[in-house]
Each structure stands twice: as C-alpha cells, then as structure tokens.
Protein chains: 2
Amino acid sequence: MQRTRFGDMACSIARTMEVAGEPWSPLIIRDVWSGIHRFDELRSDLGISRKILTERLKWLVGQGILEQRAYSERPPRHEYVLTRKGLEFCDVLLAINAWGDRWTAGDAGPPNLLRHRACGRHTSAELRCVECGQPLHAGDVDIEPQTQQPAATR
Amino acid sequence: MQRTRFGDMACSIARTMEVAGEPWSPLIIRDVWSGIHRFDELRSDLGISRKILTERLKWLVGQGILEQRAYSERPPRHEYVLTRKGLEFCDVLLAINAWGDRWTAGDAGPPNLLRHRACGRHTSAELRCVECGQPLHAGDVDIEPQTQQPAATR
DNA sequence: GTCCTCAGTCCCTTGAGGAGACTTACCGTA
DNA sequence: TACGGTAAGTCTCCTCAAGGGACTGAGGAC
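Keep in mind it's a predicted model, so treat the numbers as computed, not measured. (Residues numbered from 1 in each chain as written. Chains lettered and ligands numbered in written order. Predicted model: local features only at pLDDT ≥ 70, side-chain atom pairs only at ≥ 80, totals over all residues.)

1. Notes on the protein's contact with DNA strand D
The cut-off we apply is this: Residues are counted as near a molecule or strand when the C-beta atom, derived from backbone positions, lies within 6 Å of that molecule or strand. Secondary structure follows DSSP: runs of H or I at least 4 residues long count as helices, runs of E at least 2 residues long count as strands, and numbering of each begins at the N terminus. Under the grouping applied here, Gly and all other residues not named as nonpolar or charged are polar, the nonpolar ones being Ala, Val, Leu, Ile, Met, Phe, Trp, Tyr, Cys and Pro and the charged ones Asp, Glu, Lys and Arg.
Neighbouring DNA strand D are 22 residues; Arg74 and Pro75 of chain A together with Thr4, Arg50 and Lys51 of chain B lie closest to it. Secondary-structure elements contributing two or more residues to the surface near DNA strand D are helix H4 (50-62) of chain A together with helix H3 (39-46), helix H4 (50-62) and strand S2 (77-82) of chain B. Of the residues forming the surface near DNA strand D, the biggest block, 4 residues, is contributed by H4 of chain B. Its residues placed into classes, the surface near DNA strand D shows 6 nonpolar, 5 polar and 11 charged.

As structure tokens, this is what we get:
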C-alpha cells in the first residue's frame, strides 16, 4: 500500500482515497457488491495474489467497509459482506462506472449494463444537485474551504 | 505505479482505475480543477516527490485527462489544464467527495463546501437514474454483463 | 492415516515510491 | 561576461510494497 498517507489532508476526496482508494480496493468492493463473497472466489475473479488480498480485506474490514460473516459453524468459515458504509461506497462505483462507460468502452460499448429495479430500464447514474435537483457537473460548482478547519495541506 | 494492469477487465470500473485510479492521480486532477496548474504549485500542495509528479502528469496527459498549455513563450513555460474528458472525471470526484463528507468528516464537518452556481446554495451530489430521475443507489441496480464482450476476467 | 477444502502466511525477487541533489533552458542584473 | 534566479524536470540511491507460489493450520470426509 501507498507510503504517503492522505488522511490528514483537509479534503474529503483525499480522505476517501485513504480509506478505499488503493487500486485493488474498489475492485474488491465491486466484486462483493456483485455477489462474490468468499476469499478464493475473489482471488480468482480478480487475479490478485493471496497475500495482497488478505491484507486488503483486513484493511477494508478495519475501515468498516466490509465485515466478516460466518457462513459455516463446522468447520468455521466466513465470507465478506458490505456494511452500510460499504454499500454507499458502491454509489461512488456507479459514478465511476458511468465515466468509464463513456470514456473507456470503445466500439464494443459498455461491458456491463445496469438495470434499475424501480423503473426496469437499463440506466446509468447522473449527478444532481441535492438542493435544486438540476444536473450537477464539476464545472458548475465552486469549492469553498470551511473556516475553522485544521488546514493540513489545505 | 501498480504492476497489475486493470485495463483488460471487462468492467468500466476497472478500466477507469487503470486510467486514473492510481492513488495520486485523483488528487492531481482535483488540484487542477481547483485552479492549481503549475508543476511546483502541484508539488507543494500535494507534498509529492518531483519524480512521481512528473510521471503522473505525463501519464494523465497521455490518457487525455490533462493537457499542457504554454503560458509563456520566453522563457518557454507551460501549465496543466483539464480536457473535457478530465473535467468529466471531476464529476466522479464530486461523488467521491459526497461519500467522504458523509463518512470521513467527523465532528468538524466537511473540510470544503461546494457551492452550486446555478442555485447559489451549498450542495453535494446525489446520484439519479438517467431514465426515470429517481435517486439511484447501488442497492437499487442489477449488473448485467453484455453478451459479445471479450470476457477477460469477467 | 490420508487427502481435501478453505483461508490464510511466508519467502524471495522484482519493481515502485520517495527524498533530495543535480541538470537544462532562459532571463535579469551588475 | 559572469552570476544568480525561476521553472520543470531528471537522476541516484535507498526503502519498502507488490506479486508468485510454496507452505501452513484447522477441520472434515472417507
């Protein structure tokens, strides 16, 4: 894992990168979200080394993104499931997926489609302003530092 | 940078991680978005090593996320600005920021506020279904692999 | 007792990250 | 002409993380 820590920056993006921004973490979270819960299933799907997977799962459990849940008493076995915090991180993955569909798909189109259960259609996520409901893009906002923040690096 | 490549996975999340998921990249893009355009400004704000910053900027220019623009002819000097592709990646940063505000802020509250120019209020991004406009959360969708995709790892 | 499953742990090698000195190109000043 | 400053890298060296795959431990089936 990265030697430089981002958690002390006065920035929610940096702090999020600290929690779950290490390159394998979003992919592990994605896999759990899509129904892959066990160690060797994750290892096989991701093509990751056992040592790194062990470390990342331990980290994500420690961060409250995943939790271990027993699925067998005898012999004792466990799997990994998303916490509420982790499921909300998957909302971020929806936004990442939307960008990736637009910019990395090429001629073959998006590799996966998302179906919204409520309306039944294939969909993607768009960002809206929580206040007025209009589409929200990075070009539409100004960033205002909060006063009274300990300004480590920011 | 990570030795394992994610670009061949049939997944837009993995491909996005390949393009801009390396830990420093989102922070570099954030800094450029917030108005920091020059090499030593970026270096100083991020506390990153010169060697790594050079490499990452070159990578992001190659990926079409940033471009170099001359700001002085004599002496020749350039700065880094967002392309359209890069500005849309900042939409992803809005979603990351919303998650970070919720889960990493602690008692001090979010370190930065976003002001939506159109409605003038402090805001954050919420995800909505592009088809029906309802709030969209990861728990509301099913992932459907596209047929005819080259299924590398997926 | 042997072999299997599952979830790690360990060892070794490779390669990336980080600090900071150094380089290059250009310019201003004396 | 010489010197020092600015800006954006490049280079060297050391530290430490990543990755492959063998190995371990616990429990169970036969």
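2. Things to note about the relation of the copies chain B and chain A
Threshold: In this comparison the copies share one frame, found by least squares on the C-alpha atoms of residues holding pLDDT of at least 70 in both. Once C-beta atoms are placed from the backbone, any two residues with those atoms within 7 Å are in contact.
Superposing chain B onto chain A requires a rotation of 180 degrees together with a translation of 0.0 Å along the rotation axis, leaving an RMSD of 0.0 Å. In symmetry terms, the pair is related by a two-fold rotation axis. Among all residues of chain B, the minimum C-alpha distance to the rotation axis is found for Leu127 of chain B, at 2.4 Å. Both copies share a contact surface, since 99% of the interface residues of chain B are interface residues in chain A too.

3. Focus on the environment of Pro75 of chain A
Tracing the sequence through the fold places Pro75 of chain A in the loop between strand S1 (66-72) and strand S2 (77-82). Residues Pro75 of chain A and Lys58 of chain A, 17 residues apart in the sequence, show an inter-C-alpha distance of 21 Å.

4. Details of the environment of Asp91 of chain A
Structurally, Asp91 of chain A can be placed in helix H5 (residues 84-103). For the pair formed by Asp91 of chain A and Ala125 of chain A, sequence separation is 34 residues and the distance between their alpha carbons is 8.8 Å.

5. What to know about the protein's contact with DNA strand C
Within the structure, DNA strand C sits among 22 residues, and Thr4, Arg50 and Lys51 of chain A together with Arg74 and Pro75 of chain B are positioned closest to it. Listing elements by their share of the surface near DNA strand C, those giving two or more residues are helix H3 (39-46), H4 and S2 of chain A together with H4 of chain B. Tallying contributions element by element places H4 of chain A first for the surface near DNA strand C, with 4 residues. Counted by class, the surface near DNA strand C contains 7 nonpolar, 4 polar and 11 charged residues.

6. With respect to the sheet that holds strand S3 (residues 112-116) of chain A
By definition, the strands of a sheet pair up through backbone hydrogen bonds, in either a parallel or an antiparallel sense. Operational definition: When DSSP locates at least two bridges between a pair of strands, those strands are taken to pair.
Spatially, 3 strands are ordered S4(A)-S3(A)-S6(B) in an open sheet, and the strand pairing comes out antiparallel. With one partner strand each, in any of the chains shown, strand S4 (122-123) of chain A together with strand S6 (141-145) of chain B form the two edges of the open sheet.

7. Concerning the nonpolar core
Rules: Buried Ala, Val, Leu, Ile, Met, Phe, Trp, Tyr and Cys residues whose C-beta atoms connect them within 7 Å together make up a nonpolar core. Exposure criterion: with C-beta atoms placed from backbone coordinates, a residue whose C-beta has 20 or more other C-beta atoms within 10 Å is buried, one with 12 or fewer is exposed, and one in between is partly exposed.
With 78 residues, the main nonpolar core has Ala95 of chain A together with Ala95 of chain B as its most contacted residues. Once residues lying within four places of it in the same chain are set aside, the contact partners of Ala95 of chain A are Ala125 and Leu127 of chain A together with Asp91, Val92, Ala95 and Leu127 of chain B.

8. Focus: the interface of chain B and chain A
Contacts between the two partners involve 78 residues from chain B and, on the opposite side, 77 residues from chain A. Counting only elements with at least two residues in the side of chain B that touches chain A, the list comes to helix H1 (12-20), helix H2 (24-33), helix H5 (84-103), strand S3 (112-116), strand S5 (125-129) and S6 of chain B. Tallying contributions element by element places H5 of chain B first for the side of chain B that touches chain A, with 17 residues. One ladder, built from 5 bridges, connects strand S5 (residues 125-129) of chain A with S5 of chain B; its direction is antiparallel. Bridged to Ala125 of chain A within S5 of chain B is Cys129 of chain B.

9. Concerning the UniProt feature "domain: HTH hxlR-type" (unreviewed entry) in chain A
Threshold: UniProt positions are given in the numbering used here, feature names are shortened, and annotations may be inferred rather than shown by experiment.
When the UniProt feature table is mapped to this numbering, "domain: HTH hxlR-type" (unreviewed entry) covers residues 11-108 of chain A. As a span, residues 11-108 of chain A carries 61% helix and 13% strand, and end to end its C-alpha atoms are 37 Å apart.

10. Topic: the sheet that holds strand S6 (residues 141-145) of chain A
Strand order in the open sheet formed by 3 strands is S6(A)-S3(B)-S4(B), and the pairing between neighbours is antiparallel. Pairing within the sheet leaves two strands with one partner each, and these edge strands are S6 of chain A together with strand S4 (122-123) of chain B. Taken together, the 5 bridges between S6 of chain A and S3 of chain B define a ladder with antiparallel strand orientation. The partner of Ile143 of chain A across the bridge, within S3 of chain B, is Leu114 of chain B.

11. Focus on the packing of helix H2 (residues 24-33) of chain A against H3 of chain A
All names here are of chain A. Stated precisely, the cut-off is as follows: Helix axes use the C-alpha atoms of the stretch in contact, all axes being lines fitted to C-alpha atoms, and the angles between their N-to-C directions lie in the range 0 to 180 degrees. Here the angle decides the label: under 35 degrees means roughly parallel, over 145 means roughly antiparallel, 65 to 115 means roughly perpendicular, and every other value means oblique. Left-handed is the label given to a crossing in which the near helix is rotated counterclockwise from the far helix by less than a right angle, and right-handed is the label when the rotation is clockwise.
Their axes nearest at 11 Å, the elements H2 and H3 cross at an angle of 120 degrees. Between H2 and H3, the angle is such that the two are oblique. You can see that H2 and H3 cross each other, and the crossing is right-handed. On H3, the residues that touch Leu27, Ile28 and Asp31 of H2 are Leu42, Asp45 and Leu46.

12. Considering the environment of Lys85 of chain A
Within the element layout of this structure, Lys85 of chain A appears in helix H5. Residues Lys85 of chain A and Leu66 of chain A, 19 residues apart in the sequence, show an inter-C-alpha distance of 8.3 Å.

13. A closer look at the packing of H2 of chain B against H4 of chain B
Residues and elements named next belong to chain B. With their axes 10 Å apart at the nearest point, H2 and H4 run at an angle of 75 degrees to one another. When the axis of H2 is compared with that of H4, the two are roughly perpendicular. Of the residues in H4, those in contact with Trp24, Ser25 and Ile28 of H2 are Ile52, Arg56 and Leu60.

14. As for the confidence of the model for chain A
Worth spelling out the cut-off: Known as pLDDT, the predictor's per-residue confidence is scaled from 0 to 100.
Overall, the predicted model of chain A reaches an average pLDDT of 92, with 95% of residues at or above 70. Scoring the predicted complex yields pTM 0.93 and, for the interface, ipTM 0.92.

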